[in-house]
Amino acid sequence: MRSELLNPLFIEAGALEGVGPKLMRPLEKLGLTRIKDIAYHLPDRFVERRAVSNLDEAGVGENIIVALTPSEHRAARGRGPFRVMAADEIGNICELTYFGRASYTAKKQLPVGEKRWVAGRVDQYGQTLQIVHPDHVASDPQALLGQQREAVYALSEGLTQPRVAGLVAQALGQVPELPEWIEPGLLDRRKWPNWKDAVLLAHKSSDARARDRLAYDELLANSLALMLVRESNRSRSGLPLAGDGHLRDKLTLPFTLTGAQLRSIAEIEGDIAQSSPMFRLLQGDVGSGKTVVALLAMLAAVEAGAQAAMLAPTEILARQHHATLMQLAAGAGVEIALLTGRDKGKARESILMGLLDGSIDILVGTHAIFQESVAYQNLALVIIDEQHRFGVSQRLMLSQKGRRAPHTLAMTATPIPRSLTLAQYGEMDVSRLDELPPGRQAIDTRVVAAERMGDVTGALARRLEGGGQAYWVCPMVRENESEDIAAAEARFAELKEQFGEDVVLVHGQLKPEVKDAAMERFATGGAKLLVATTVIEVGVDVPNATLMVIEQAERFGLAQLHQLRGRVGRSDQQSSCLLLYHGALSETAAKRLSVMRDTNDGFVIAEEDLELRGPGEFLGQRQSGMPEFVLADLAAHRDLLILARSEAGRILEKNDQNHTNLLLSLFERDSAVKFLASG
Ligand code: ADP
Ligand code: MG
C-alpha cells in the first residue's frame, strides 16, 4: 500500500492548469505523466545571465539582461526574419530577430520608442550585434531579476522552455514535506537538504548537494528493492538438484572447457544443490561459451529428475539454441523440445503433453514457454538468455512460476562494468566468463570513411570469393524506423546488383517466416551476404561469417557495436570488422570507434563505455540500458551507489518498514513493495 503522504505526487499531470490533451502527448513522451515526474524532471543545465547597463559591457556569445529601446520594426521578407532595431542607453544598435510565429508576439512586446528589458544571448553578425529570439522581454526590470539564472529543461516536440518551466513551478507548488528517511548523521556529514528542499533547490541551482541527495534517494530505493527481492527469493524454497553426472558423463564435447567455464559450472552446481533457489547471472562476452555452461546446468537438473527450460529473446535464437543443444547433447539421450509462439494446434498440444507427463526434459523457446497454459511436471531450473532484454519485473514474474521457485540462471553477453552490476543485478550472484576459448584471434577492426565505399565492397568481394560469408549492418534507430528500413533496402538492392542472388535481407518489419527463411539460407551457407538492421544483434552463430561491415557506426553505442562485432570471429579464421562513418565525427563518437579498433575485450569496452558516456548522456540513453534510473547518473554517482547499498542493508536490518515503504513507493519499485507486504 502506498503511503497517503505521497498522494499529491501521484496526481495526474492533466490536473495542472493549462494541460489539455494536446500537451499530454509531448509530456508522455518525456515520461512526465504525474506531478512527481514533473518535479523530478530536473534541468539539464542552467543559463547564467549578467545584467549590463549597455552592450559595450557584454561579450559576444554572452547571456545578458539589458535595457533596449526599439527604434524600428522591419517586416519579414519572404522566409526571412522579422527584425526589431533597438538601441541601448548609449546608442549602440542591436537587432532582435524573430522567425515564424514568434514575430507576432514580438511586435506587441517591443513597441517602437518604449524602453524594454531584454534577456538573451548576444551574437555578432558581420558588424551588427544581434539577439536571435530573446528569451524574455519585460517592461519592468524587476520581472527579469529572477531570470539571472534560469533552468534549461529537456523538451520534446510541442513543448517550449517557458511551458515546461511553468509546469514545473506548478508541480513544485504541490510537493509535500516528507518524513526523512536518511539517517541524520549522514545528512549532516554530506550537508544534504531535506527531501522537499532538495527538489526545490535542484530546479534553482546546479548545487551538487541537492542533486546528490535526490540521486542517492533513487539509488537507495533501488538497492532496497533488489535486496528485498533477493531476500524473498531466498526465503522461498526451491528443489535441491544434486545431479549424479550420469548424463553429463555421456557427452562428447568437441572441446575442453575453459577454466572460467569450469569455475562457473561449479558455482552453479553449488547453488542448485541448495534448497533455496539460485538467482545467478552469468556474464560472458560474445563467444565466451555460455551455451555449454547452460547445457551442463540443465543436464544436472535432469539427472536429479527435474525439468529445465531455456528462454530466448527471439524466435531465431530459440531455434538456434535448440539446434545447438540437440547437437551438443546428442549422446546423452535427453528429450529437448522447442516451443515458440508460432507453434499451434497438434504440434503445440503434443509438446504441452510432454511437459506435463515429464517426457520432455528440456524445453527451449521464446516467452511462449511461460504462458499460463504451459504447465510443467517438475520445472526446477530456468535459464534466461540475453538477460538485458528482460527487466526486473519480468525476472520476478519468472521466479513466481510454479509452487516452488525454480533456480534461475540469467545469461548476458553485455559485459557490465563491475560498479554497475550491483545497481542493475544486485539481487543476483554473478559468475563471469572472463576467458575466451583458446585459439580465438582478435577481430581486425578498422574505422573507414564512407566515401571509401569502393574499397569496402572490394574487400567484401575478395572475402566472398575466398569462400567466406559476411554481414552488412545498417543502423536502425527508433525515431525513424521507416527511413532506416528504406536505407537498408536500398543498400540491399545495390549489393544484390553487385553480388547477385547470394545476398539476403533481414529487418524488423519483415514477416517472421520471411526473416527466418533468409536467416536459414545464410546460416546454411546458401547465402553469402546478409544485409540486416540490428536484428542480428543477439546470438546468431555462423562461424563461416568472417567479415562484418557496419554502416554509420557512429550512430551505435559501444555496447551495441561490441555485440554486433561478436557475430564474426567465431572460427579459427582471421575475421575483420569495418566501421563505416559518415561525415565528421564528434569527439565522443571518434573515441568510441577507436576503442573498438583498439580492443576486443568486452569488459574493457564496458568500462570505457561508462567513462565516455559521462554525466548527462545517461538520461538520453534510457532505452539502451538503464531504465531503472531517472535521477542517478551511474557514471557520476558511483560513490553514492556504494553508500546506498550499505545504508540499504542497515535500513533492512532495523526493519524500518515505514521509511522503506515510502521510498519504494516514491520510486515505484512496486514489486518490492508487494514483497514487503507479503513478507
Ligand atoms: P556465447 O553464447 O557465450 O556467445 P557460445 O556458447 O555460442 O557463446 O559459444 C561460442 C562458440 O564457442 C560455439 O561455437 C561453441 O561451440 C564454442 N565453444 C564453447 N566453449 C568452448 C571451449 N571451451 N573451447 C572451444 N570452443 C568452445
Ligand atoms: Mg549465446
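Residues numbered from 1 in each chain as written. Chains lettered and ligands numbered in written order. Predicted model: local features only at pLDDT ≥ 70, side-chain atom pairs only at ≥ 80, totals over all residues. Heavy atoms only, no water.

On to the site of ligand 1. Close to ligand 1 lie 16 residues; Thr256, Gly287, Lys290, Thr291 and Arg440 are nearest. In the model, a nitrogen atom of ligand 1 is placed 2.8 Å from a nitrogen or oxygen of the Thr256 main chain. A distance of 3.1 Å separates an oxygen atom of ligand 1 from a polar backbone atom of Gly289. Notes on ligand 1: free accessible area 560 Å², of which the protein chains cover 80%. The residue inventory of the shell around ligand 1, partitioned by class, reads 4 nonpolar, 7 polar and 5 charged. (Near = heavy atom within 4 Å. Polar contact = N/O pair within 3.5 Å; in protein donor to acceptor, adjacent residues only side chain to side chain. Areas by Shrake-Rupley, 256 points an atom, 1.4 Å probe, with all protein chains shown as cover. Nonpolar A, V, L, I, M, F, W, Y, C, P; charged D, E, K, R; others polar.)

Here helix 10 (residues 290–303) is 14 residues long and its end C-alpha atoms lie 20 Å apart, about the 20 Å a rise of 1.5 Å per residue gives. With 13 of 14 residues buried, helix 10 is to be regarded as a mostly interior element. (Helix = DSSP H or I, 4+ residues; strand = E, 2+ residues; numbered from the N terminus. Expected span 1.5 Å × (residues − 1). Buried < 20%, exposed > 50% of the residue type's maximum accessible area, 1.4 Å probe, protein only.)

Applying the stated criterion to the full structure yields 0 disulfides. For the unlinked cysteine Cys474, the closest cysteine sulfur is that of Cys577, found at 14 Å. Looking at Cys474, the relative accessible area reads 2%, which means it is buried. (Disulfide = S-S within 2.5 Å.)

Bringing the domain arrangement of the chain into the picture now. One can read the domain layout of the chain as domain 1 (1–44 + 164–176), domain 2 (45–152), domain 3 (182–440 + 635–679) and domain 4 (444–599). Centre-to-centre separation of domain 1 and domain 2, based on C-alpha positions: 32 Å. (Domains from an automatic or database assignment.)

With that settled, the discussion passes to the sheet that holds strand 13 (residues 362–365). Strand pairing in a sheet is mediated by backbone hydrogen bonds. Such pairs are either parallel or antiparallel. The parallel open sheet is built from 7 strands, whose spatial order is 12-13-11-14-15-10-16. Each having just a single partner strand, strand 12 (336–339) and strand 16 (429–433) make up the two edges of the open sheet. The sheet shows a mean angle of 20° between the axes of neighbouring strands, direction not considered. In this sheet, strand 15 (residues 407–412) lies alongside strand 10 (residues 279–284) in parallel orientation, the contact comprising 5 bridges. Counterpart to Arg280 in the pairing with strand 15 is Leu409. In the packing of helix 12 (residues 345–357) onto the sheet, contacts are made with strand 11 (307–311), strand 12 and strand 13, and the angle to strand 12 comes to roughly 135°. (Pairing = 2+ DSSP bridges. Axes fitted to C-alpha atoms, helices over the stretch in contact; angles between N-to-C directions. Contact = heavy atoms within 4.5 Å.)

On to the side chain of Arg280. If you trace the backbone, Arg280 turns up in strand 10. At 3.4 Å, the side chain of Arg280 forms a polar contact with the backbone oxygen of Val430.

Attention now goes to the packing of helix 8 (residues 208–235) against helix 22 (residues 657–666). Where helix 8 meets helix 22, the closest approach of the two axes is 9 Å, and the angle between their N-to-C directions is 110°. Our classification of the angle between helix 8 and helix 22 gives roughly perpendicular. Each of Asp217, Leu220, Ala221, Leu224, Ala225 and Leu228 in helix 8 lies in contact with helix 22, whose residues at this interface are Thr660, Leu663 and Leu664. Taken together, the residues that form the contact of helix 8 with helix 22 break down as 7 nonpolar, 1 polar and 1 charged. (Parallel < 35°, antiparallel > 145°, perpendicular 65-115°, else oblique.)

For the rest of this paragraph, the subject is the pairing of strand 22 (residues 576–581). Within strand 22, 5 of the 6 residues are buried, which leaves the element mostly enclosed by the surrounding structure. As paired strands, strand 17 (residues 444–449) and strand 22 are joined by 6 bridges and run parallel to one another. Bridging across to strand 22, Ala449 finds its partner in Tyr581. In this sheet, strand 22 lies alongside strand 21 (residues 545–550) in parallel orientation, the contact comprising 4 bridges.

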